[in-house]
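Residue strings, one per chain:
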Amino acid sequence: MSMTDWRPARVLAVAEASPSARVLRLDVPGWPGSAAGQHIDVRLTAEDGYQAVRSYSLASYGSASALEIAVDEIPDGEVSPYLVRDVLPGDELEVKGPLGGYFVWHSADAGPVQLIAGGSGIVPLVAIARAARHAGAAASARLLYSVRSPTDAIYREELARSANDGGVPVTWAYTRAAPAGWPGRLGRVDDESLRAAVWPATEQPVVYVCGPTGFVEHVADALVRLGHDPQRVRTERFGGS
Ligand SMILES: Cc1cc2nc3c(=O)[nH]c(=O)nc-3n(C[C@H](O)[C@H](O)[C@H](O)COP(=O)(O)OP(=O)(O)OC[C@H]3O[C@@H](n4cnc5c(N)ncnc54)[C@H](O)[C@@H]3O)c2cc1C
């Protein structure tokens, strides 16, 4: 089997991750392993043979045959409501991958790493944060996570513990509602909040930006305005506006 073949995947477990998102663990026999930041394609086949394919980033990395994805429901979407509401342990799907060779981090990559996520864009950045921690590189990495509100954050508990736990330090940005007593400003990430939270351009970080297409483009433009080398800004667009 190669990366271009569809492989059977069995759902091992599902867990609520936010009011609109679920973490799914998939058993994929013979999985060849993946680098932190890669994704898979998931194919669903209905009883009448109709098929739908969507991409999902892996929160897992390495060689274990249990893969982890997290899916946020897009209202009126075709595939995500099924994965978030209906799929059950024991169900069968198909996956193809690992896919993507650019939006990845390897432990041999030296130097500061800046992770910037909007919404479900956190998923591949969790894989990179986990890998950086495992490689002893968490101190040279930072994560900025923009979410609507605290309960919308996927991997909230893992990220809230992260810095005190030897993991990557996390700065939160809230667009609609913040925890009580939170000192920051509500709203979109802007030049000022990026300047405050992100490794400065002079440190020449490699920056990974992931989320809805509009978020990624807005942040990538702002990073270039702040002097970051566009060649060191890696982006993954999840779609939407
Ligand atoms: C490389 C890659 C990795 C991805 N990883 C993840 C992941 O880890 N978790 C995850 O939840 N999603 C991820 N996505 C998005 C995912 O592939 C689907 O697009 C998403 O689940 C919506 O599919 P759907 O069938 O429910 O919606 P569709 O029926 O395809 O679309 C319904 C409507 O929603 C809009 N829309 C589609 N995607 C988005 C979006 N992301 N945000 C806002 N509006 C959107 C469409 O433009 C359309 O108008 C990834 C996408 C890519 C390209």
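Bear in mind that the values here come from a model prediction, so they are computed numbers and not experimental data.

(A) Spatial organisation of the overall build of the protein. From N to C terminus, the protein includes five helices and 11 strands. Over its C-alpha atoms the protein spans a radius of gyration of 18 Å, differing by no more than 12% from the 18 Å that the globule rule assigns to 241 residues. Principal axes of the C-alpha set define a box for the protein whose edges measure 55 × 40 × 30 Å. When burial is assessed residue by residue, the protein has 42% of its 241 residues classed as buried.

(B) The arrangement of the nonpolar core in detail. If you look at the biggest cluster of nonpolar residues, it comprises 68 residues, and the most contacted ones within it are Ile 69, Leu 115, Leu 125, Ile 128, Ala 132 and Tyr 145. It is helix α2 (residues 122–134) that contributes the most residues to this core, nine residues altogether. Two domains each provide a minimum of three residues to this core, namely domain 1 (7–99) and domain 2 (113–238). Not counting the four nearest positions on each side in its chain, Ala 132 is found in contact with Trp 105, Val 113, Ala 137, Ala 138, Ala 141 and Val 168.

(C) Molecular detail of the environment of Tyr 82. With respect to the element layout, Tyr 82 can be found in helix α1 (residues 80–86). Tyr 82 gets classed as partly exposed once you count the C-beta atoms within 10 Å, which come to 16. Sequence-wise, Tyr 82 and Val 71 are 11 residues apart; in three dimensions their C-alpha atoms are separated by 9.9 Å.

(D) Layout of helix α5 (residues 213–225). Taking 1.5 Å as the rise per residue, α5 with 13 residues should run 18 Å; its terminal C-alpha atoms sit 18 Å apart, in good agreement. Among the residues of α5, those classed as buried are Phe 215, Val 216, Val 219, Ala 222 and Leu 223. Taken end-on, α5 shows its buried residues confined to a sector of 135°, consistent with a single buried face. Those residues of α5 that are buried are in contact with β7 (113–118), α4 (191–197), β10 (206–211) and β11 (233–237). Phi for Gly 227, located one or two positions after α5, is positive at around 100°.

(E) Fine view of the sheet that holds strand β4 (residues 51–57). In space, the six strands of this open sheet follow the order β4-β3-β6-β1-β2-β5, with antiparallel pairing throughout. The open sheet is flanked by β4 and β5 (66–72), the only strands paired with a single partner. Strand after strand, the sheet turns through a mean of 40° between neighbouring axes, direction not considered. Of the pairings in the sheet, the one linking strand β1 (residues 7–18) to strand β6 (residues 92–99) comprises four bridges and is antiparallel in character. By the bridge assignment, Arg 7 is partnered in β6 with Val 95.

(F) Layout of α2. For α2, which comprises 13 residues, the first-to-last C-alpha distance of 18 Å matches the rise-based estimate of 18 Å (1.5 Å per residue) to within 8%. Burial runs high along α2: 11 of the 13 residues are buried. By the burial criterion, the buried members of α2 are Ile 122, Val 123, Pro 124, Leu 125, Val 126, Ala 127, Ile 128, Ala 129, Arg 130, Ala 131 and Ala 132. Phi for Gly 136, located one or two positions after α2, is positive at around 75°.

(G) Representation of the pairing of strand β3 (residues 39–45) in the model. Where β3 and β4 come together, seven bridges link them in antiparallel fashion. Within β4, the position partnered with Thr 45 by the bridge is Gln 51. What sits between the antiparallel neighbours β3 and β4 is a turn of five residues, in which Gly 49 has the positive phi angle 95°. As judged from the four bridges shared by β3 and β6, these two strands associate in the antiparallel manner. Paired with His 39 across the strands is Leu 99, a residue of β6.

Parameters and conventions
- Residues numbered from 1 in each chain as written.
- Predicted model: local features only at pLDDT ≥ 70, side-chain atom pairs only at ≥ 80, totals over all residues.
- Helix = DSSP H or I, 4+ residues; strand = E, 2+ residues; numbered from the N terminus.
- Rg over C-alpha atoms; globule rule 2.2 N^0.38 Å.
- Buried ≥ 20, exposed ≤ 12 C-beta atoms within 10 Å, placed from the backbone.
- Core = buried A, V, L, I, M, F, W, Y, C linked by C-beta atoms within 7 Å.
- Domains from an automatic or database assignment.
- Contact = placed C-beta atoms within 7 Å.
- Expected span 1.5 Å × (residues − 1).
- Arc of directions from axis to C-beta.
- Pairing = 2+ DSSP bridges.
- Axes fitted to C-alpha atoms, helices over the stretch in contact; angles between N-to-C directions.

Spatial relationships are all this shows, so hold off on functional conclusions.
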